[in-house]
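# Breakdown of the fold
Spelled out, the chains give:
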Amino acid sequence: MRAILEGSKAVAEAVRMCRPNLVCAYPITPQTHIVEELSHMVADGRLEAGFVLAESEFGAASIVLGGSVVGGRAYTATSSQGLLLMVEVIFNIAGLRLPVVMTCANRAVSAPINIWNDQQDAVSIRDSGWIQLYVEDNQEAVDTHIQAFRIAEELMIPVMVCMDGYVLTHTMEPVDIPEQEEVDRFLPPYRPKYRLDPDDPFTMGAMVGPDAYMETRYHVHMDMMEARSVIQRVADDYAQAFGRHHGGLVETYDLEGADVVLVSMGSLLGTMREAVDELRKEGLKVGILKVRCFRPFPKEAIHDALQGIEVVGVIEKDISLGLEGTLCSEMRAAFCGEESPNISSFIMGLGGRDITVEEIKQVARDLASNPACRVEFRGLKEELLRGDEG
Amino acid sequence: MMSEETRKVINLLEPGHTGCAGCGQAIAARLVLKAAGPRVIVANATGCLEVYTTTYPRSSWEVPWIHSLFENAAAVAAGMEVTLKAMGRYEGIKIIAQAGDGGTADIGMGCISGMFERGHDILYVCYDNEGYMNTGYQRSGLTPPGARTTTSPPGRFSYGNRTRKKNMPMIAVAHGVPYVATATVSEPRDLMRKVQKALEIQGPKYLHILVPCVPGWGYESELTVELARLAVETNLFPIFEVENGVITKVKKPKETRPVEDYLRPQRRFAHLFQPGGEKVLEEIRRIAEENSRLEPGPARLFGPSLPE
């Protein structure tokens, strides 16, 4: 069914069709519309799931953890401060190997408080053991949520689908919503590998000392590495079933003969595609690498995609304060011990500042004329930096 | 796997764990499960009970049991209950959330309040040993006045802990929790009866159990049950039940003992018997006196007014 839907409603439709046993969340802008829509579905009987309005995001994450340990398919959604309040549980869910799926409606992190989009929230918890998939548009958001449950349940690793707050969550776009029977075929009922059950009692969450802790972390790491092939395979299977492919780990655009390659995650890719089309017409050979999967980090896919490329600019809406953009740092790791392209970090769009086609084109032009590695903020207001205002 | 028949007769919290000799909490937790039976799922907070029963690769639990975090046992239990109901698998299962006094009255309060307010069908058990004993006897919101802990030490300007015990049972009552009760390990039958009664009631239930702690309180390990009895007989730990907002039962000591009988055997109160300790002892006597006036009837906040 093709419909013009707000991103949040489209995601709620996708989640509904995945037949979760438990939906639990706490409201936070800009995640609210997703949870509101799911609430309507429960109220109307369109969604038959356990539904809990938690007392906090910390509680919400703990409640989906509880739903998952008894063998339920569990879903939650949050943003920004909410994600940070969940952090202790986020690590716990991953360590307990529970296949929870979460939407992160990406938003800047306080202080200063700011409700608009950037990706600092999800990027900041990259080490938690959750798979992180960043989507470019609302169609990809729908398709990725359906894939997320399959990936999570196959690997017993939680998946976070990251979609830019407002830019996607509050934007109407034509979206193809699959039929329920198609989703059922693609996503069979969850068959947990283990669950708490009085008929077969066992202990979860035991105290593990120095004699065995490292091995448990090693297992999670190795399974996260393995997840790369699963994510790719599930995306390919999805394309076969539904005819849409958004990339598995990464996606490339116009890389052929590119002198400069721009890299990013999420909704900015749409604007970048437009910028690159114009630049190509203007005679500058620029390509794009879209990083769809941020954790596990697709080192090999990035390495292979950028073979022969000499200049790379990573445009990202997050910063590891005191270093550079996080994706940029990690891109460099893909070339460890080899000749690496010059990879520069461009910090843009923090706290919802617009990133225009022209600004992206300027980054590419500047890199073409000066390929040196550097870290730059773009789009800063000089008058505010000088303290002329306020 | 052990058959259900076998699991009915054995201890569902098995011996062989690494709890201290004389641990009041281990006694209480064993009694709670004995009363509840094998058809339970337990969500346990971080704390002594979790550490000494599940040191990998061993576990003392003969029931499905999870430890997630310090402050979320109530929320994890809530997620289990809602999900099992949604999946049609809840029939015949009871869910217990359990934590110590810190995991309940301090760090876990938000999740507990949410669980109470939403009315989940869960028995929440607080094992109150009046401090953060797992981390080395620090003060909690349930540490009594005058008690020495490692973060409320007596000194030139201090007679130990300055604050009263937070009134957790009444906080539960204020949420509209249909069954709230207190118990202690000196009365195992009373404790087990309350667990069984609680599990018959739909909705949230709160059971607050005083569990003496040998190293934290500083007494000889054979005195655990005796101290629990003295806490009741001195009126420092009132034993009562509240059903739908009405106090239905208060256990009155046959003979009221002076608070010193309870305080003296414990090293945590030793400084109160030094010069200057009398003022705190006086406050403790006031608390006992106030508790002694607890009577059946509509539940209202009891206990002395806050210190000046």
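Nothing here was measured: the structure is a model prediction, and the numbers come from that model.

### With respect to the overall build of chain B
When helices and strands are tallied, chain B shows twelve helices and eleven strands. Each of the three principal axes of chain B carries a C-alpha extent, and together these read 60 × 45 × 35 Å. Taken across its 308 residues, chain B has 54% of its residues classed as buried. The long-range share in chain B, meaning contacts at least 24 apart out of those at least 6 apart in sequence, stands at 69%.

### Points about the overall build of chain A
A tally of helices and strands in chain A yields 13 helices and 16 strands. Relative to a compact globule of 390 residues, whose C-alpha radius of gyration would be 21 Å, chain A shows 21 Å and is just as compact. Along the longest, intermediate and shortest principal axes, the C-alpha atoms of chain A span 70 × 50 × 50 Å. Evaluated residue by residue, chain A yields a buried proportion of 54% over its 390 residues. Relative to all contacts within chain A whose residues are 6 or more apart in sequence, the contacts with residues 24 or more apart total 80%.

### Structural notes on the interface of chain A and chain B
Counting residues at the interface gives 36 residues for chain A and 40 residues for chain B. Of all the secondary structure elements, the ones that give two or more residues to the side of chain A that touches chain B are strand 2 (22–25), strand 3 (50–53), helix 3 (57–69), helix 4 (80–95) and strand 9 (203–204) of chain A. The element that contributes the greatest number of residues to the side of chain A that touches chain B is helix 3 of chain A, accounting for eight residues. Partitioned by chemical class, the residues of the side of chain A that touches chain B number 21 nonpolar, eleven polar and four charged.

### Considerations on the environment of A:E324
As for its position among the elements, A:E324 is in the loop between strand 14 (311–316) and helix 11 (326–333). Residues A:E324 and A:E383, spaced 59 residues apart in sequence, show a C-alpha to C-alpha distance of 23 Å.

### So, the nonpolar core
Within the largest apolar cluster, 220 residues are counted, with the highest numbers of intra-cluster contacts made by A:V64, A:V159, A:L262, B:A28, B:A74, B:A77 and B:I209. Counting residues per element, this core draws most heavily on helix 4 (residues 73–86) of chain B, at ten residues. Looking at which domains feed residues into this core, each of domain 1 (2–242) and domain 2 (251–385) of chain A gives three or more. Apart from the residues within four sequence positions on either side, B:A74 is in contact with B:A97, B:G108, B:C111, B:I112, B:M115 and B:Y124.

### Comments concerning the domain arrangement of chain A
Residue and element names in this part refer to chain A. Under the domain assignment used here, chain A contains domain 1 (2–242) and domain 2 (251–385). Using C-alpha coordinates to define each centre, domain 1 is positioned 27 Å away from domain 2. Listed by partner, the interface residues are 27 residues for domain 1 and 21 residues for domain 2. For the side of domain 1 that touches domain 2, the elements supplying multiple residues, two or more each, are helix 5 (120–123), strand 6 (131–134), strand 7 (159–164) and helix 8 (213–242).

### Here we look at the packing of helix 6 (residues 138–155) of chain A against helix 8 of chain A
All names here are of chain A. Closest axis-to-axis distance for the helix 6/helix 8 pair is 9 Å, and the angle between their directions is 135°. Considered as vectors, helix 6 and helix 8 are oriented oblique to each other. Two packed elements cross with a definite hand, and for helix 6 against helix 8 that hand is right-handed. Between helix 6 and helix 8, the residues in contact are D143, Q147, R150, I151, E154 and L155 and D223, A227, V230, I231, V234, A235, Y238 and F242, respectively.

### Focus on helix 1 (residues 7–17) of chain A
Helix 1 of chain A sits mainly inside the fold: eleven of its eleven residues count as buried. Within helix 1 of chain A, the full set of buried residues consists of A:G7, A:S8, A:K9, A:A10, A:V11, A:A12, A:E13, A:A14, A:V15, A:R16 and A:M17.

### Thoughts on the sheet that holds strand 9 of chain A
In spatial order, the strands read 9(A)-2(B)-1(B)-3(B)-4(B)-8(B)-7(B)-9(B)-10(B)-11(B); together these ten strands make up an open sheet with mixed pairing. Of all the strands in the sheet, the pair left with one neighbour each is strand 9 of chain A together with strand 11 (297–298) of chain B. Across two bridges, strand 9 of chain A lies against strand 2 (residues 65–67) of chain B in parallel orientation. Among the inter-strand pairings, A:T203 is bridged to a residue of strand 2 of chain B, identified as B:W65. In the packing of helix 2 (residues 24–36) of chain B onto the sheet, contacts are made with strand 1 (40–44), strand 3 (94–100), strand 4 (123–128) and strand 8 (205–210) of chain B, and the angle to strand 4 of chain B comes to roughly 160°. Across the sheet, helix 4 of chain B lies against strand 1, strand 2, strand 3 and strand 4 of chain B, angled at about 170° from strand 3 of chain B, the strand it touches most.

### Quick notes on the packing of helix 1 of chain A against helix 6 of chain A
Residues and elements named next belong to chain A. Remark: helix 1 packs on helix 6, axes separated minimally by 9 Å, with the N-to-C direction vectors making an angle of 20°. With respect to each other, helix 1 and helix 6 are oriented roughly parallel. Our pair here, helix 1 against helix 6, has a crossing hand that is right-handed. For the pair formed by helix 1 and helix 6, the contact residues are G7, A10, V11, A14 and V15 on the first element and N138, A141, V142, H145 and I146 on the second. Residues that form the contact of helix 1 with helix 6 fall into these classes: seven nonpolar, three polar and no charged.

### Digging into the sheet that holds strand 3 of chain A
Residues and elements named next belong to chain A. Across the sheet, which stays open at both edges, the seven strands sit in the order 3-2-4-5-7-6-13 with mixed pairing between neighbours. The sheet is open, and its two borders are formed by strand 3 and strand 13 (293–295), each paired with just one other strand. Taken over all neighbouring pairs, the strand axes of this sheet differ in orientation by 20° on average, direction set aside. Pairing of strand 6 with strand 7 involves four bridges; the strand directions are parallel. Bridge pairing links Q132 to M160 in strand 7.

Thresholds applied
Residues numbered from 1 in each chain as written. Chains lettered and ligands numbered in written order. Predicted model: local features only at pLDDT ≥ 70, side-chain atom pairs only at ≥ 80, totals over all residues. Helix = DSSP H or I, 4+ residues; strand = E, 2+ residues; numbered from the N terminus. Buried ≥ 20, exposed ≤ 12 C-beta atoms within 10 Å, placed from the backbone. Contact = placed C-beta atoms within 7 Å. Rg over C-alpha atoms; globule rule 2.2 N^0.38 Å. Nonpolar A, V, L, I, M, F, W, Y, C, P; charged D, E, K, R; others polar. Core = buried A, V, L, I, M, F, W, Y, C linked by C-beta atoms within 7 Å. Domains from an automatic or database assignment. Axes fitted to C-alpha atoms, helices over the stretch in contact; angles between N-to-C directions. Parallel < 35°, antiparallel > 145°, perpendicular 65-115°, else oblique. Left-handed = near helix turned anticlockwise from the far one by under 90°. Pairing = 2+ DSSP bridges.

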